[in-house]
Amino acid sequence: LRELISSRVQERKIGVDVSVTLDELRSIQIFVLGDVAQPGSFTVSSLSTVTNALFVAGGVTERGSLRRVELKRAGQVIAELDLYDLLLDGDISGDLRVQQGDVVFVPQVGPQVAVSGEVNRPAIFEVQNNETLADVLAFASGFSGFAYTRDVRLSRTIDGLRRISRSLNDQELASIGPQSGDAIDVLAVVDRPESSVALDGLVARPGFLE
């Protein structure tokens, strides 16, 4: 590697000589605590980031938050990492580099909403206060090609006493905030085409005809 760098500089910079020295990367000690698989103290490279720290600790558990991973330095929270930015959008801008003595802390998971039916990524998602049901559907990568988008079913617990079900349209999805325990079900369109008749029996090509 040293010879390659030196030769490239000499090729592109006339009259310039360069001396390259490589040394081992410095190691630092950090703490990864909270809801991770193996909390404790770890020795990592000085170039490590928050996600690298989570990796050496075995990752976030099912009880841990993916939305509010804290980076603490000298007893103060200096940044919060939303892993949804990384996992769903590929955005690594919030993945800061850790320093000697830093603490990466994973708090308990926040409110969760289940999304099922005709979406591209059905799952349970953690939500935050400033988000809407439309944002939750975006986490699920939106509607599939078979979704009936005018009638999205929301099941919600009211006052801890009763469970209700509502049908929502696009405008309502964008204006209603999620609550912990919500369940969103996206129904499929009817298989039978509109204004058609079913042709069956001893025919060459059975099916629906307009």
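Structure shown above.
Below or above, wherever it landed, is the structure these notes cover. Keep in mind that what you see is a predicted model, and the values were worked out from it rather than measured.

Some points on the pairing of strand E6 (residues 112–117)
And then number 1: As judged from the four bridges shared by E6 and strand E7 (residues 123–126), these two strands associate in the antiparallel manner. Residue pairing across strands places Ala 114 opposite Ile 124, the latter belonging to E7.
And then number 2: Relative to strand E10 (residues 183–188), E6 is paired through four bridges, and the arrangement is parallel. Considered in E10, the bridge of Gly 117 is made with Val 186.

Side note on the sheet that holds strand E3 (residues 69–73)
And then number 1: The five strands lie next to each other as E2-E1-E5-E3-E4, forming an open sheet whose pairing is mixed. The sheet is open, and its two borders are formed by strand E2 (40–45) and strand E4 (76–81), each paired with just one other strand. With direction set aside, neighbouring strand axes in the sheet form an average angle of 30°.

Structural notes on the sheet that holds strand E9 (residues 162–168)
And then number 1: The five strands lie next to each other as E7-E6-E10-E8-E9, forming an open sheet whose pairing is mixed. If you trace the sheet from one side to the other, it starts and ends with E7 and E9, each paired once. Within this sheet the neighbouring strands show an average axis-to-axis angle of 20°, counted without direction.

Quick look at unusual backbone geometry
And then number 1: The backbone of Ala 74 shows a phi angle near 55°, a positive value even though the residue is not glycine.
And then number 2: A relative accessible area of 76% places Ala 74 in the exposed class.
And then number 3: For Ser 141, which is not glycine, the phi torsion reads 65° and is therefore positive.
And then number 4: Examined against the element boundaries, Ser 141 turns out to sit in the loop between helix H4 (133–139) and strand E8 (147–158).

Reading guide: rules and limits
Residues numbered from 1 in each chain as written. Predicted model: local features only at pLDDT ≥ 70, side-chain atom pairs only at ≥ 80, totals over all residues. Heavy atoms only, no water. Pairing = 2+ DSSP bridges. Helix = DSSP H or I, 4+ residues; strand = E, 2+ residues; numbered from the N terminus. Axes fitted to C-alpha atoms, helices over the stretch in contact; angles between N-to-C directions. Buried < 20%, exposed > 50% of the residue type's maximum accessible area, 1.4 Å probe, protein only.

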